[in-house]
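What follows is each chain in one-letter form.
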Amino acid sequence: MRLTKFFLPTLKETPAEAQIASHRLMLRAGAIRQASAGIYSWLPLGFRVLKKIEQIVREEQDAAGFQEMLMPTIQPAELWRESGRYDDYGKEMLRIQDRHERDMLFGPTNEELITDIFRASVRSYRDLPQLLYHIQWKFRDEVRPRFGVMRGREFLMKDSYSFDLDYEAAKRSYNKMFIAYLRTFERMGLKAIPMRADSGPIGGDMSHEFVILAETGESEVGCHRDFIDMDWISSDIGYEDDLQPLVDGFTAKYAATDDQRDGEQEKALGDDLVVGRGIEVGHIFHFGNKYSKAMNALVTGPDGADVAVEMGSYGIGVSRLVGAIIEAFHDDDGIIWPEPVAPFRVGLINIKVGDDACAEACGNLYEALQAGGVEVLYDDRDLRPGVKFAGMDLIGLPWQVVVGPRGLKNGLVELKERKTGERQELSIESVLARLAT
Ligand code: 5CA
């Protein structure tokens, strides 16, 4: 993509309303624009990142055996009256009436709708488990939308749902998601610590939040120091194997979100206790038959008797992750995207537009990188080099290739790694070799 053609409305000034780095940097880098409090448009740069995150989430859900589908954003109120949550949800739910004065709502989550789909078509224990997910916009009319996409009113969530015959089977589904979450966040370069959590309005008896430690996190969390340098999931996971020992390995050590923290346990940890602020990027719940009972989602068991199915739901804040990743990876100059989620892998800077040799070298590099499947943003604007360098640092692409007349005389261009700031003068061929995927 040539920058002269790319819609990248960067801001020079720091927006006054932005209190934390990710919000500030997303606005400055032209990644998002606020439409109304807690509601954002995703501009091309931000949208590319959102799509990359979504794709990683999708691949790991598929690998764990969950099937993608898509439910609507607008739901009928009746289903929520059946579960009893229509009143419980209070002002956080955006309620709408259609032209026939039927009560509708913009979904804050999808337990009711998926349970309705399940009960209409699954009748026998032989058709279990059912493991489904979708990636869809949600709306929660938060009292205090803040920190940009971190606590929005409209936000993109991946939500999965499992239906099983009994507790043991439900636990297997829960464990699949537990491991899939660790792998998902790890692929984005994040260490998300699984913490014992409160299940809140979703209900249920088993729940973990996946939390990234960051100064700007919304809540205070406590965990064992071992989580900080723990070896995360590696190698291949067989999702049909017994995952319990693996999950136990992660849950044996103390890690708790604010309302689950235990003074005594923390005291006993002594120097091994780490207390910090955390960002919740995922939350998984097992809630048994809370919804299946209320909504009559029954299957015939092996003994011929009807049973209300055991359910779990599993959320990832896809749009929140964009902010969370920036909180984890930035410096004074801007964003530092981890490669797997970067909007482009390489920023190519021509520092002397109008110079034939520079234009030719850049053109060749641009073509060759793209031919090799490398995503490149080519800054071909006629601006001062300083402005271009600052802009490239701000948007945080992992690699910068700087082409200027002086280096080119010796057949050299500069390769800079955004993360370390390290620069190297290399031949065009070496740069191409280094950046080959
Ligand atoms: N039904 C369950 C699981 S599917 C559920 O709704 N869980 S949740 O409330 O914990 O939300 C799942 C994830 O969505 C959270 O872990 C968080 O990462 C993200 N999320 C929740 N509220 C917001 C919000 N206001 N803005 C951005 N992301 C949010």
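The rules we used
Positions within a chain are numbered from 1, following the residues in the order the chain's sequence is written. Residues qualify for local features only when their pLDDT is at least 70, as the model is predicted, and side-chain atom pairs are given and counted only at 80 or more; totals for whole chains, interfaces and linings, by contrast, use all residues. To obtain the side-chain values, all non-hydrogen atoms of the structure were used and water was disregarded. Each helix is a run of H or I in the DSSP string that is no shorter than four residues. Each strand is a run of E no shorter than two, and both are numbered from the N terminus. Each radius of gyration reported is based on C-alpha atoms, and the globular scaling rule is 2.2 Å times the count of residues to the power 0.38. Here, residues are in contact when the closest pair of their heavy atoms is within 4.5 Å. Computed with the Shrake-Rupley method and a 1.4 Å probe, the accessible areas treat only the protein chains shown as cover for residues. Pairing of N or O atoms within 3.5 Å defines a polar contact, subject to two protein rules: one partner must be a possible hydrogen donor and the other a possible acceptor, and residues neighboring in sequence count only if both atoms are side-chain atoms. All axes are obtained by fitting lines to C-alpha atoms, using only the stretch in contact for helices, and the reported angles, taken between N-to-C directions, cover 0 to 180 degrees. What sets the label is the angle itself: under 35 degrees gives roughly parallel, over 145 gives roughly antiparallel, 65 to 115 gives roughly perpendicular, and the rest give oblique. Note on convention: the crossing is left-handed when the near helix lies turned anticlockwise from the far helix by less than a right angle, right-handed when the turn is clockwise. Whether a residue is near a molecule or strand depends on its heavy atoms: it is near if one of them lies within 4 Å of it. Only Asp, Glu, Lys and Arg are considered charged, only Ala, Val, Leu, Ile, Met, Phe, Trp, Tyr, Cys and Pro nonpolar, and every remaining residue, Gly among them, polar. Put simply, buried Ala, Val, Leu, Ile, Met, Phe, Trp, Tyr and Cys residues joined by side-chain atoms within 4.5 Å make one nonpolar core. Whether a residue is buried, partly exposed or exposed follows from its accessible area with a 1.4 Å probe, protein chains only, as a fraction of its type maximum: under 20%, in between, or over 50%, in that order. For the domains described, the bounds stem from an automatic or database domain assignment. The buried area of a pairing is the accessible area, by a 1.4 Å probe, that goes missing from both parts when the two are put together, added over both. One speaks of a salt bridge when a side-chain nitrogen belonging to Lys or Arg is within 4 Å of a carboxyl oxygen belonging to Asp or Glu. Note on pairing: DSSP must find at least two bridges between two strands before they are called paired.

**Student:** Would you explain the overall build of the protein chain in this entry?
**Tutor:** The helix and strand tally for the protein chain stands at 14 helices and 23 strands. Relative to the compact-globule value of 22 Å for 437 residues, the protein chain shows a C-alpha radius of gyration of 24 Å, a close match. Looking at the protein chain alone, contacts between residues at least 24 apart form 72% of all its contacts between residues at least 6 apart. As displayed, the protein chain has an accessible area near 19700 Å², and 47% of this comes from carbon and sulfur atoms.

**Student:** Mind showing me how you'd approach the side chain of Arg-58 here?
**Tutor:** Tracing the backbone through its elements, the reader meets Arg-58 in helix H2 (residues 44–63). A polar side-chain atom of Arg-58 sits 2.8 Å from a polar atom in the side chain of Gln-55. Once residues within four sequence positions are removed from consideration, Arg-58 is found in contact with Glu-68, Tyr-133 and Ile-135.

**Student:** Help me understand the packing of H2 against helix H6 (residues 167–187), please; the structure alone is not making it clear to me.
**Tutor:** Running from N to C, H2 and H6 cross one another at 150°; their axes reach a closest spacing of 9 Å. As summarised for this structure, H2 and H6 are arranged roughly antiparallel, according to the angle between their axes. Crossing of H2 over H6 shows right-handed handedness. Between H2 and H6, the residues in contact are Ile-56, Val-57, Glu-59, Glu-60 and Gln-61 and Met-177, Ala-180, Tyr-181, Arg-183, Thr-184 and Arg-187, respectively.

**Student:** Honestly, the site of the ligand in this entry has me stumped. Any pointers?
**Tutor:** The environment of the ligand is made up of 22 residues, and the closest members are Thr-109, Glu-111, Arg-140, Gly-152 and Glu-280. Between a nitrogen atom of the ligand and a main-chain N or O atom of Met-150, the distance comes to 3.5 Å. A distance of 3.3 Å separates an oxygen atom of the ligand from a polar side-chain atom of His-283. Notes on the ligand: free accessible area 590 Å², of which the protein chains cover 95%. For the shell around the ligand, the elements supplying multiple residues, two or more each, are strand E8 (154–164), strand E13 (273–288) and strand E16 (310–317). With five residues, the single largest contributor to the shell around the ligand is E13. Of the residues contributing to the shell around the ligand, the split by class is eight nonpolar, seven polar and seven charged.

**Student:** Got a minute to help me understand the nonpolar core in this structure?
**Tutor:** Soluble, globular proteins show a tendency: their nonpolar side chains are buried together. Counting residues in hydrophobic clusters, the biggest one holds 81 residues, and the most contacted among them are Ile-53, Phe-178, Phe-185, Met-188, Phe-210, Val-281 and Trp-337. Looking at which element gives the most residues to this core, the answer is H6, with eight residues. Composition of this core by domain shows at least three residues from each of domain 1 (21–335) and domain 2 (344–435). When sequence neighbours within four positions are dropped, the list of residues in contact with Trp-337 reads Val-49, Val-322, Ile-325, Ile-326, Ala-342, Pro-343, Ile-395, Gly-396, Leu-397 and Pro-398. Grouped together as the second largest cluster of nonpolar side chains are 24 residues, Tyr-89, Leu-128, Met-295 and Val-299 included.

**Student:** It is not clear to me how the packing of helix H1 (residues 21–28) against helix H10 (residues 318–328) should be interpreted in this structure. Could you clarify?
**Tutor:** Each packed pair of helices is defined by two parameters, the angle between the axes and the distance between the axes. Two elements in contact, H1 and H10, have axes whose closest approach is 8 Å; the angle formed by their N-to-C orientations is 105°. Compared by their axis directions, H1 and H10 come out roughly perpendicular. Taken together, the residues of H10 that come into contact with H1 (itself represented by Ala-21, Ser-22, Leu-25 and Met-26) are Val-322, Gly-323, Ile-326 and Glu-327.

**Student:** Even after reading the chapter, I still don't get the domain arrangement of the protein chain, so can you show me in this structure?
**Tutor:** By a widespread convention, an interface's size corresponds to the accessible area lost as its parts come together. Assigned domains within the protein chain: domain 1 (21–335) and domain 2 (344–435). Relative placement of domain 1 and domain 2: their C-alpha centres are 39 Å apart. Counting each side, the surface lost to burial between domain 1 and domain 2 is near 830 Å², with a carbon and sulfur contribution of 50%. Joining domain 1 to domain 2, the criterion identifies three salt bridges. The shortest N-O distance in the salt bridge between Glu-375 and Arg-48 comes to 3.2 Å. Summed over the shared surface of domain 1 and domain 2, the result is six residue pairs in polar contact (both at pLDDT 80 or more). Considering only residue class, the side of domain 1 that touches domain 2 consists of four nonpolar, one polar and five charged.

**Student:** Before we go on, may I ask you to explain the pattern of salt bridges in this structure?
**Tutor:** Where side chains of opposite charge bring their charged atoms close, a pairing between them can arise. Counted under the stated rule, the structure contains 31 salt bridges. The closest approach of N and O atoms between Arg-81 and Asp-103, which form a salt bridge, is 2.7 Å. Linking Arg-81 in helix H3 (residues 77–83) with Asp-103 in strand E6 (residues 103–106), this pair joins segments that are 22 residues apart in sequence. Among the residues examined, Arg-81 registers a relative accessible area of 45% and is labelled partly exposed.

**Student:** In this structure, what is going on with the sheet that holds strand E20 (residues 376–379)? I would like to understand it.
**Tutor:** Strand pairing in a sheet relies on backbone hydrogen bonds. The paired strands run either parallel or antiparallel. Strand order in the open sheet formed by five strands is E20-E19-E21-E22-E23, and the pairing between neighbours is mixed. Edge positions in the open sheet fall to E20 and strand E23 (423–427), since each of these has one partner strand only. Recorded for the sheet is a direction-independent mean angle of 25° between the axes of neighbouring strands. As paired strands, strand E21 (residues 399–403) and strand E22 (residues 412–417) are joined by four bridges and run antiparallel to one another. Among the inter-strand pairings, Gln-400 is bridged to a residue of E22, identified as Lys-416. Where helix H12 (residues 385–395) meets the sheet, its contacts fall on strand E19 (346–350), E20, E21 and E22, and the angle it forms with E19 comes to roughly 175°.

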